[in-house]
Amino acid sequence: MVEKNIPMIELNDGNKIPQLGLGTFLMSQDECEDAVLNAFETGYRHIDTATVYDNEKQVGLALSKSGLKRGDIFLTTKLANSDQTDPHGGFQRSLDKLGVDYVDLYLLHWPLPKRSSALGAWKGIIEIAESGAAKSIGVCNFEIEHLEMIISETGVVPSVNQIELHPEHQRSELVAYCREKGIATQSWGPLAQMKSNLLEKPEILEAAAVYNKTPAQIVLRWHIEHGHIIIPKTVNTSRMKENFEIFDFSLSQKEVSTIDSLESGTNYGPDPRNYDG
């Protein structure tokens, strides 16, 4: 399904997802189409978008112009918070913008505990999966209590939990819970959204010197060593290629543990327990 050497992660529903994809968060409409086309040219076959990113149409245009077969692309989108009371309508609007008749992964974007709408939205997403229009379904930004709620109420375990995760915010308890439940962990903001000095840390720079790689490549490889799925966002073609070239080396367990020591509990995105956006 995927060209070159991107590993595939098997999900709990038997489907497989490329371990590396291109994220499109904060990618404007003007730049998104070309960026996705350049990603396809580089070798990416996994694209992550969302209703609220407001670039699904551009992702779809890139897909249609690429000449690639639909079955060769792993496409993810997400239900908008404003559509949690109308998941079927929100999903259909995404399909229409993307210009496809199915997605490979459909995600419930936020738990929104103050609204108590996530359970109904999850039930709707389950129905969408049962129709075949979403091959796999999952969630984003769900803490353990949010996961336990939807699983206990429906019996359906998400295939993926996409969360903020990077060496400074490793989410060890949540990741362990997901692993126990067979939920794949997908990291958004895998480079700490470039909001910290993570790439200047000696622990990262030392490994970069050993492998003749960039600090960003070392951090992305750290995610791979932990089995995480990653979706670094960039519109820069050279950076796309850099992010892609992380499968020709491996970090030692000692190097992984050294990077693990950078944990500081620092998140750069919203707190899912009180976010109501």
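Provided above is the structure to which this section pertains.
Residues numbered from 1 in each chain as written. Predicted model: local features only at pLDDT ≥ 70, side-chain atom pairs only at ≥ 80, totals over all residues. Heavy atoms only, no water.

Trainee: What am I meant to see in the overall build of the protein chain here?
Mentor: For the protein chain, the count of helices and strands is ten helices and ten strands. Against the compact-globule benchmark of 19 Å for 277 residues, the protein chain has a radius of gyration of 18 Å, which places it among compact chains. Sorting the 277 residues of the protein chain into buried and exposed places 56% on the buried side. Contacts spanning at least 24 positions in sequence make up 73% of the contacts within the protein chain whose residues lie at least 6 apart. As displayed, the protein chain offers around 11,600 Å² of accessible surface, 47% of which is attributable to carbon and sulfur atoms. Here the protein chain holds 26 positive side-chain charges and 39 negative ones, and the gap between their average locations is 2 Å. (Helix = DSSP H or I, 4+ residues; strand = E, 2+ residues; numbered from the N terminus. Rg over C-alpha atoms; globule rule 2.2 N^0.38 Å. Buried < 20%, exposed > 50% of the residue type's maximum accessible area, 1.4 Å probe, protein only. Contact = heavy atoms within 4.5 Å. Areas by Shrake-Rupley, 256 points an atom, 1.4 Å probe, with all protein chains shown as cover. Lys, Arg positive; Asp, Glu negative; His and termini not counted. Charge placed at Lys NZ, Arg CZ, Asp CG, Glu CD.)

Trainee: Just to check I follow, could you spell out the sheet that holds strand 9 (residues 184–188) for this structure?
Mentor: Across a sheet, paired strands are connected by hydrogen bonds in the backbone, their directions being either parallel or antiparallel. If you walk across this open sheet you meet the eight strands as 3-4-5-6-7-8-9-10, and the pairing is parallel. For this open sheet the edge positions go to strand 3 (22–23) and strand 10 (229–230), each flanked by a neighbour on one side alone. With two bridges joining them, strand 9 and strand 10 adopt parallel strand pairing. By the bridge assignment for strand 10, Ser187 is matched with Ile230. Each of strand 5 (74–79), strand 6 (103–108) and strand 7 (134–140) is contacted by helix 4 (residues 118–131), which is oriented at about 160° to strand 7, the strand it contacts most. (Pairing = 2+ DSSP bridges. Axes fitted to C-alpha atoms, helices over the stretch in contact; angles between N-to-C directions.)

Trainee: I tried to follow the pattern of salt bridges on my own but got confused; where do I start?
Mentor: Any two side chains of opposite charge can pair, so long as their charged atoms come close to each other. The full count for this structure, using the stated rule, is twelve salt bridges. Linking Arg93 and Asp83 is a salt bridge whose minimum nitrogen-to-oxygen distance equals 3.0 Å. Separated by ten residues along the polypeptide, Arg93 in helix 3 (residues 87–98) and Asp83 in the loop between strand 5 and helix 3 bring together distant segments of the chain. Judged by relative accessible area, Arg93 falls into the partly exposed class, the value being 40%. Overall, the relative accessible area of 11% leaves Asp83 in the buried class. Two residues, Arg273 and Glu145, come together in a salt bridge whose shortest N-O distance is 2.7 Å. Of this pair, Arg273 sits in the segment after helix 10 (253–260) while Glu145 sits in helix 5 (residues 144–154); the two residues are 128 residues apart in sequence, bridging distant segments of the chain. Take Arg273: its relative accessible area is 44%, and that puts it in the partly exposed class. By relative accessible area, which is 35% here, Glu145 ends up partly exposed. (Salt bridge = Lys/Arg side-chain N within 4 Å of Asp/Glu carboxyl O.)

Trainee: Please explain the side chain of Gln58 as it appears in this structure.
Mentor: For Gln58, the location among the structural elements is in helix 2 (residues 56–66). According to the relative accessible area criterion, Gln58 is buried, its value standing at 11%. Dropping the residues within four chain positions of it, Gln58 is found in contact with Gln29, Cys32 and Glu33.

Trainee: Would you mind going over helix 10 with me for this structure?
Mentor: In an α-helix, one turn spans 3.6 residues; hence positions three or four apart end up facing the same way. Glu255, Val256 and Ile259 are the residues of helix 10 that are buried. Axial view of helix 10: buried residues confined to an arc of 100°, hence all on one face. Pointing more than 90 degrees away from the buried face of helix 10 are the exposed residues Gln253 and Lys254. (Arc of directions from axis to C-beta.)

Trainee: Sorry, what's going on with the nonpolar core here?
Mentor: Side chains of nonpolar character tend, in soluble globular proteins, to be buried together. Core analysis: the largest hydrophobic core is formed by 70 residues, its most contacted members being Tyr106, Leu108 and Leu147. The element that contributes the greatest number of residues to this core is helix 4, accounting for seven residues. Beyond its immediate stretch of four places on either side in the chain, Leu108 contacts Leu79, Gln84, Ala118, Ala121, Trp122, Ile125, Gly138, Val139, Cys140 and Phe142. Among the nonpolar cores identified, the runner-up in size contains ten residues, and Leu11, Leu105, Leu107 and Ile229 belong to it. (Core = buried A, V, L, I, M, F, W, Y, C linked by side-chain atoms within 4.5 Å.)

Trainee: Hey, could you run me through the environment of Ser264 in this one?
Mentor: Relative to the elements of secondary structure, Ser264 occurs in the segment after helix 10. As a C-alpha pair, Ser264 and Ser152 span 112 residues in sequence and 32 Å in three-dimensional space.

Trainee: What am I meant to see in the side chain of Thr51 here?
Mentor: Note on placement: Thr51 falls in the loop between strand 4 (46–48) and helix 2. Among the residues examined, Thr51 registers a relative accessible area of 16% and is labelled buried. The residues contacting Thr51, other than those within four sequence positions of it, are Glu56, Thr77, Lys78, Ala80, Asp83 and Ser94.

Trainee: Help me out: how do you make sense of the packing of aromatic side chains in this one?
Mentor: The geometry of an aromatic ring pair is captured by the separation of the ring centres together with the interplanar angle, meaning the angle of the planes. Evaluation of the coordinates by the stated rule reveals five aromatic pairs. Geometrically, the ring pair formed by Tyr44 and Phe244 is tilted, given 5.2 Å between the ring centres and 55° between the ring planes. One end of the pair, Tyr44, is in the loop between helix 1 (29–42) and strand 4; the other, Phe244, is in helix 9 (residues 237–244), with 200 residues separating them in the sequence. An identical accessibility class is assigned to Tyr44 and Phe244; each is buried. Ring geometry for Phe91 and Tyr106: centres 4.6 Å apart, planes at 65°, overall edge-to-face. Placement of Phe91 in helix 3 and of Tyr106 in strand 6 is noted, with a sequence separation of 15 residues between them. Here the guanidinium or amino end of Arg70 rests over the ring plane of Tyr102, the centre of that ring lying 4.1 Å away. A cation over an aromatic ring shows up here: Arg221 above the ring of Phe249, its NZ or CZ 6.0 Å from the ring centre. (Phe/Tyr/Trp six-rings, centres within 6.5 Å; stacked < 30°, edge-to-face > 60°. Lys NZ or Arg CZ within 6 Å of the ring centre and 35° of its normal.)

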